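The chain contents come next:
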Amino acid sequence: MSHDRHETGFKDRTRVADARETLLGAATPHERVETVPLADADRRVVAEPVDAPAPVPGYDRAAMDGYAVRAQDTFGASGRSPEVLRRADGGDGTAGTGGSGDADGDGDAVVGPGEAVRVHTGSALPAGANAVVMIEEVEEVGDDVETFDAVAEGENVGPAGEDVAEGQRLYEPGHRLRPSDLGLLKSVGLTEVPVHERPEVAVIPTGEELVQSDPGPGEVIETNGLTVSRMAERWGAATRYRDVVTDDEDALRAAVERDLDADVVVTTGGSSVGERDLLPEVLDAVGEVLVHGVALKPGHPVCLGVADGTPVVCLPGYPVACIVNAVQFLRPVIAAVTGTEAPPHPTRRATLTRKIASEPGTRTFARVRLADGEEGTVAEPTRASGSGVLSSVALADGWVVVPEEREGIDAGETVEVQIWEAAE
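Residues numbered from 1 in each chain as written. Predicted model: local features only at pLDDT ≥ 70, side-chain atom pairs only at ≥ 80, totals over all residues. Heavy atoms only, no water.

Looking at the packing of aromatic side chains
According to the stated counting rule, one finds 2 aromatic pairs in the structure shown. For the ring pair Phe365 and Trp399, a centre distance of 5.5 Å and an interplane angle of 70° mean the geometry is edge-to-face. Residue Phe365 is located in strand β23 (residues 363-373), and its partner Trp399 is located in strand β25 (residues 398-402); the two are separated by 34 residues in the primary sequence. For the ring pair Trp399 and Trp420, a centre distance of 4.9 Å and an interplane angle of 10° mean the geometry is stacked. With Trp399 in strand β25 and Trp420 in the segment after β26 (414-418), this pair connects stretches of sequence that are 21 residues apart. The class for Trp399 is buried, based on a relative accessible area of 0%. For Trp420, a relative accessible area of 6% puts it in the buried group. An aromatic cluster of at least three residues, connected via ring pairs, comprises Phe365, Trp399 and Trp420. Above the face of the Tyr67 ring, Arg118 is positioned so that its terminal group lies 6.0 Å from the ring centre. (Phe/Tyr/Trp six-rings, centres within 6.5 Å; stacked < 30°, edge-to-face > 60°. Helix = DSSP H or I, 4+ residues; strand = E, 2+ residues; numbered from the N terminus. Buried < 20%, exposed > 50% of the residue type's maximum accessible area, 1.4 Å probe, protein only. Lys NZ or Arg CZ within 6 Å of the ring centre and 35° of its normal.)

A short note on the layout of surface pockets
Space inside the second largest pocket adds up to approximately 210 Å³. Along its surface, the second largest pocket is lined by 13 residues, and Arg20, Val327, Gln328, Arg331 and His345 are the ones closest to its centre. Looking at the lining of the second largest pocket, the elements that each hand over two or more residues are α7 (319-336) and β23. Class assignment of the residues belonging to the lining of the second largest pocket gives a composition of 7 nonpolar, 3 polar and 3 charged. (1 Å grid on protein atoms, 1.4 Å probe; cavity = no way out; pocket = protein on both sides within 12 Å on 5 of 7 lines; lining within 4 Å. Points joined across faces, edges and corners; volume = space filled by probe spheres on them. Nonpolar A, V, L, I, M, F, W, Y, C, P; charged D, E, K, R; others polar.)

Notes on the side chain of Thr74
Here Thr74 lies in the loop between β4 (66-69) and β5 (83-87). Polar contacts involving the side chain of Thr74 include one to the main-chain carbonyl oxygen of Ala71, which spans 2.8 Å. (Polar contact = N/O pair within 3.5 Å; in protein donor to acceptor, adjacent residues only side chain to side chain.)

Here it is as structure tokens:
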């Protein structure tokens, strides 16, 4: 970057979508795989195809409380003319003609011709049976069972593999696992699953004015690095939250080069065009600046690049601008290095209480709080401007995105509020 650029500022700003696409083009999936226990696999990304090694259920089971029978033994049964079957347990827990003495149909019970065995919903269908007569369609008379319903083969029976067939493809690579997925994997007999390793993200806060605590005159407590590192962890990364690096070109270069073995390097502060904004020059020296200056508000001085094959995201130092850009660029590139795409944010529809102003050609992220109004949910802007006011985003419920082609949104309009900080 030349000294002239320090003085002239940003003449051109890249649209958000174009800047994101450029950055993602520099991201290469890391392809590192590890096998983890199911209990540790929530939100991890599947790395290899996962097939069911066993069916669920692993046996034919009763779908109703009643009696397991041979369907052909019930043909002709009706309310006026029941078919009489013998209880295979003999009515007292002892085996009948072909039975085993298992009155619940859970063990080795066998249903022979003209016999029935008591079963409960979910219990294994006894050998020899191929249907279940519902309990409300039978009457027990001593050691016999009168059935008033003619059932077809397979009726009221859940066959083996009804839920999951043996060999069925459950998940393709790239699927992000949810708690329900873990339950399904356990149900087919799996105890672990192959997933992509968490991408390594190095977070480097910069600025000679930053301290971790007890700030003196002219000093500021470092918050961006902490915020961004924890956001990255929510997005599936393992982070290196580094110590603050001062505004010195050699120190900044050494810090960036130290972490180029990470999957992504992200810096905070020093990304604009002021005399102390050295990171674009550093990135240009160790790699390549792909985008510097994006048409979004707050936070247009973001710088995106690549060095030694590692995407580098230089976030602005103002806290709100830092957060907005982290969500727009760091979040998708973390997903990209695991071969996936970042899922869309959950949204809520609300009525805007006050006008949001915006500049045509610039995508604006307006922070809002949600509340219950007389006619539904309302969105109250927390602050129209001020990218350094961290409380305006920390106390907000989400933001409204004003697209580049709009010149603000009027009060009373229905808007979509992105709940960008929802758990993923």
